[in-house]
Amino acid sequence: MTTDMKTMPGQKSVQLHARRQNAVAIGPYHVTPLYVGSAQGATIIDVDGNELIDFAGGIGMQNVGHCHPKVVQAIQEQAASSIHSCFHVMPYESYIELAEKLNEKTPGRFKKKTMFANSGAEAVENAVKIARKATGRSAVVSFERAYHGRTLMTMSLTSKVNPYKQGFGPFAPETYKLPYPYYYRATQGMLPEEVDEQILNYFEQFFLGEVAPDNVAAVIMEPVQGEGGFIVPSANFMQGVRRICDKYGIIMIADEIQTGFARTGKLFAMENYGVAADITTLSKSIAAGMPLSAITGRAELMDVPGPGQLGGTFSGSPVACAAGLAVLDVIEEENLVERAQIVGGRMMDAFRNWQDKYDIIGDVRGLGAMVAMELVTDRATKEPAKEATAKVVSECWNNGLLGLSAGIFGNVLRFLPPLVITDEQLEKGLGILEQAIATASK
Ligand SMILES: Cc1ncc(COP(=O)(O)O)c(C=O)c1O
């Protein structure tokens, strides 16, 4: 264990990296040149014995922590009894039970139904298919800075050009983008409610100039923009979008893939706004690392596609569903919704305190334990400090802490620690982070 020394790639990681470069395509990027040996809770130990505190949580996939014993047990037991028969050939109980639980817990006091897929992108693809079929309309509206995945439709709905879209066109037709409030970068002096009003008013103009509302099947939005830089809208804005969708019969899809499952101090981030979407997409943390995503929505919409129109060979495998059921138990038994508020609260306090000390921190924001700092070279001009952000991320892992950057300008430090992180790990991680910020500020 080398917690007090620099976390340098050891011999095994160096060897693996050479093999990786020879055998694996460049496209699947990774933040560190360290290779995982094992992981538990909020700790990852690399193949050379370097120990790292995890503030990245596999990009929000490990809310219950790495290898939670209950999840491991559920996976092992299911794998020993039946790995997969394909739901389309012969179904099984765990798929139904998890669907029942998600129908009950997802926001909205209406009858819901669920289907499963494998990845976040697949969940969004299916939500769009359902919305189109149910409305008979073709257009789908997403938002500036949105991230919904890397498949053709989800890439088309995604905003950030580089690296996600560059050279991959043509994109899916009938996709449109609207502004999403970014209060920190709004016109100087504008209040959040004025920003909201300006954008909500713009919807009407957009429906005249860009696409007729009766051609819009769905508006899809992240309750907090993830890849876009942890941008949190107001409840007022979210409620305004809901009103517009209701007015024009447009389906509201909440993409809770990064915000979901206790991350924001509620089981679902939409609960923070008092708004229920018609369809919710979930993935990442629902099965603690097993490939699983869910599409949960109004029963009358979910049932429009007929038999065989939705699904897939691996979708909702018994092993993934067993993990999903265990995750729900862990969240409840370990009060992880409340824990997200405590962890996030402590991080926000530290970040605000540092903001007084380090000019490089332009903005501090977040919801629950989905927290971020936006780094700038100049607080007045808000010039994004992209290089310094990359330096903080590498300085962090170099000192035993895993963090991530995000944002359209690549200048946001974002954190999604496993919610089971201990107070001691949290404080130690914050210490490493402050040191890295102090170094980057010089
Ligand atoms: C909000 C959101 N939607 C969709 C996706 C795509 O998920 P996946 O990478 O599992 O396809 C992500 C992944 O980061 C995401 O954050």
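Criteria and thresholds
Residues numbered from 1 in each chain as written. Predicted model: local features only at pLDDT ≥ 70, side-chain atom pairs only at ≥ 80, totals over all residues. Heavy atoms only, no water. UniProt positions renumbered as here; feature names shortened; annotations may be inferred. Patch = residues over 30% accessible without salt bridge, like charges linked within 9 Å, V, L, I, M, F, W, Y side chains within 5 Å. Areas by Shrake-Rupley, 256 points an atom, 1.4 Å probe, with all protein chains shown as cover. Salt bridge = Lys/Arg side-chain N within 4 Å of Asp/Glu carboxyl O. Helix = DSSP H or I, 4+ residues; strand = E, 2+ residues; numbered from the N terminus. Pairing = 2+ DSSP bridges. Buried < 20%, exposed > 50% of the residue type's maximum accessible area, 1.4 Å probe, protein only. Lys, Arg positive; Asp, Glu negative; His and termini not counted. Contact = heavy atoms within 4.5 Å. Near = heavy atom within 4 Å. Polar contact = N/O pair within 3.5 Å; in protein donor to acceptor, adjacent residues only side chain to side chain. Nonpolar A, V, L, I, M, F, W, Y, C, P; charged D, E, K, R; others polar. Axes fitted to C-alpha atoms, helices over the stretch in contact; angles between N-to-C directions. Parallel < 35°, antiparallel > 145°, perpendicular 65-115°, else oblique. Left-handed = near helix turned anticlockwise from the far one by under 90°. 1 Å grid on protein atoms, 1.4 Å probe; cavity = no way out; pocket = protein on both sides within 12 Å on 5 of 7 lines; lining within 4 Å. Points joined across faces, edges and corners; volume = space filled by probe spheres on them.

- The name given to the protein in an unreviewed UniProt entry is (S)-3-amino-2-methylpropionate transaminase, with Aneurinibacillus danicus as the source organism.
- In its Sequence similarities (unreviewed entry) section, the UniProt record describing the protein reads: "Belongs to the class-III pyridoxal-phosphate-dependent aminotransferase family."
- Here the protein is described in UniProt, under the heading Pathway (unreviewed entry), as follows: "Amino-acid degradation; 4-aminobutanoate degradation."

Describing a nonpolar patch on the surface
Right, so step 1: On the surface, a nonpolar cluster with roughly 290 Å² of combined accessible area is contributed by L152, F168 and F171.
Right, so step 2: Within the secondary structure, F168 sits in the loop between α6 (152–157) and β6 (175–178).

A closer look at the sheet that holds strand β2 (residues 43–46)
Right, so step 1: Taken together, the four strands give an open sheet; going across it, the order is β1-β2-β3-β14, and neighbouring strands pair in mixed fashion. The sheet is open, and its two edges are formed by β1 (36–40) and β14 (401–402), each paired on a single side.
Right, so step 2: Summarising the sheet, strand β3 (residues 51–54) and β14 pair through two bridges and their orientation is parallel. The residue bridging D54 from the neighbouring strand is L402, located in β14.

Examining the side chain of E222
Right, so step 1: Looking at where E222 falls in the secondary structure, it is placed in the loop between β7 (216–221) and α8 (235–248).
Right, so step 2: Buried charge E222 goes without a salt bridge, the closest partner of opposite sign being R414 at 7.8 Å.
Right, so step 3: Among all residues touching E222, those that are not within four sequence positions of it are R145, A146, Y147, H148, Y180, E227 and D255.

Quick word on the side chain of T280
Right, so step 1: Considering the arrangement of structural elements, one finds T280 in strand β9 (residues 279–282).
Right, so step 2: The exposure class assigned to T280 is buried, which follows from its relative accessible area of 3%.
Right, so step 3: Ignoring sequence-local partners within four residues, the contact set of T280 consists of T106, A254, E256, F268, A294, I295 and T296.

Side note on the site of the ligand
Right, so step 1: The full set of residues close to the ligand is S119, G120, A121, Y147, H148, G149, E222, E227, D255, I257, Q258 and K284.
Right, so step 2: Contacts to the ligand include Y147, whose backbone N or O atom sits 3.5 Å from a nitrogen atom.
Right, so step 3: For the ligand, the accessible surface in isolation is 390 Å², of which the surrounding protein chains cover 83%.
Right, so step 4: Residues belonging to the shell around the ligand are distributed by class as follows: three nonpolar, five polar and four charged.

Overview of the packing of helix α7 (residues 192–209) against α8
Right, so step 1: Between α7 and α8, the least distance of the axes is 9 Å, while the angle of their chain directions is 20°. In this view, α7 runs roughly parallel relative to α8, as classed from their interaxial angle. In this structure, α7 meets α8 at a crossing whose hand is right-handed. Two secondary-structure elements touch here, α7 through D196, I199, L200, F203, E204 and F207 and α8 through N236, F237, G240, V241, I244, K247 and Y248.

Considerations on the layout of surface pockets
Right, so step 1: Taken as a whole, the second largest pocket encloses approximately 450 Å³ of empty space.
Right, so step 2: Around the second largest pocket sit 21 residues that line it, and F87, Y95, T114, M115 and L310 are the ones nearest its centre.
Right, so step 3: For the lining of the second largest pocket, the elements supplying multiple residues, two or more each, are α4 (93–105) and β4 (112–117).
Right, so step 4: Tallied by class, the residues present in the lining of the second largest pocket amount to 10 nonpolar, nine polar and two charged.

Section: the pattern of salt bridges
Right, so step 1: Taken as a whole and judged by the stated rule, the model has 16 salt bridges.
Right, so step 2: The salt bridge involving K113 is made with D303; its shortest N-O contact spans 2.8 Å. Of this pair, K113 sits in strand β4 while D303 is found in the loop between α9 (299–302) and α10 (318–333), placing the two residues 190 residues apart along the sequence.
Right, so step 3: The partly exposed category is assigned to D303, whose relative accessible area is 45%.
Right, so step 4: In this structure, E204 and K247 form a salt bridge, with 3.2 Å as the shortest nitrogen-oxygen distance. Residue E204 is found in helix α7, and its partner K247 is found in helix α8; the two are separated by 43 residues along the sequence.
Right, so step 5: Overall, K247 belongs to the exposed group, its relative accessible area being 55%.
Right, so step 6: Each of R185, D363, R365 and E374 takes part in one network of salt bridges that share partners.

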